[in-house]
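# Survey of secondary and tertiary structure
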Amino acid sequence: MLSWRFEGFGLGSRARLEEKRAQLRQVALERERLRATIAAEVRAEHARLVSLRAQLEPAELAVVRARQAYALHRERIFDGQGMPLEALTAMQSLATAELAYLEVTAGYSLAQLRLYTALGGPLDTQF
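Remember, predicted model here, so these are calculated numbers, not experimental data. (Residues numbered from 1 in each chain as written. Predicted model: local features only at pLDDT ≥ 70, side-chain atom pairs only at ≥ 80, totals over all residues. Heavy atoms only, no water.)

### Section: a nonpolar patch on the surface
A cluster of nonpolar side chains, contributed by Met 83, Leu 85, Leu 88 and Met 91, occupies part of the molecular surface with about 400 Å² of accessible area. Counting through the fold element by element, Met 91 comes out in helix α2 (residues 84-118). (Patch = residues over 30% accessible without salt bridge, like charges linked within 9 Å, V, L, I, M, F, W, Y side chains within 5 Å. Areas by Shrake-Rupley, 256 points an atom, 1.4 Å probe, with all protein chains shown as cover. Salt bridge = Lys/Arg side-chain N within 4 Å of Asp/Glu carboxyl O. Helix = DSSP H or I, 4+ residues; strand = E, 2+ residues; numbered from the N terminus.)

### A closer look at the environment of Glu 60
Relative to the elements of secondary structure, Glu 60 occurs in helix α1 (residues 11-78). Taking the C-alpha atoms as reference, Glu 60 lies 9.4 Å from Leu 102; in sequence the two are 42 residues apart.

### Topic: α2
In this model α2 runs 50 Å from its N-terminal to its C-terminal C-alpha over 35 residues, within 8% of the 51 Å that 1.5 Å per residue would give. Buried residues of α2: Ala 87, Ala 90, Leu 94, Ala 97, Val 104, Tyr 108, Ala 111, Leu 115 and Ala 118, and no others. Looking one or two residues past α2, Gly 120 carries a phi angle of roughly 100°, positive in sign. (Expected span 1.5 Å × (residues − 1). Buried < 20%, exposed > 50% of the residue type's maximum accessible area, 1.4 Å probe, protein only.)

Structure follows, in structure tokens:
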């Protein structure tokens, strides 16, 4: 038995071929959109990491200076030269500096993790 189909004189095959090409172009466009999204995410996370890295040293220095100021004010109080209010203000400044340093270091660690995952690194949830 010999069977012959014309399929609209080859137009059916051409239509299927064009449909497959359109699907292929759509997949390629989706892949490029995904690449652009990933690249934007990596750039944003890298910028955040660089910014927080630049804040680490000044935040640490602020803590060191606040500790020194607090120690000096305590000495002055014990020597009878300073007022307790000065030490309280120095203690508040120290607490503020330490909190700022903690926020910067935590943010920096989080930015490292986000950049790692944005670059495709696995986030292992097993501890």
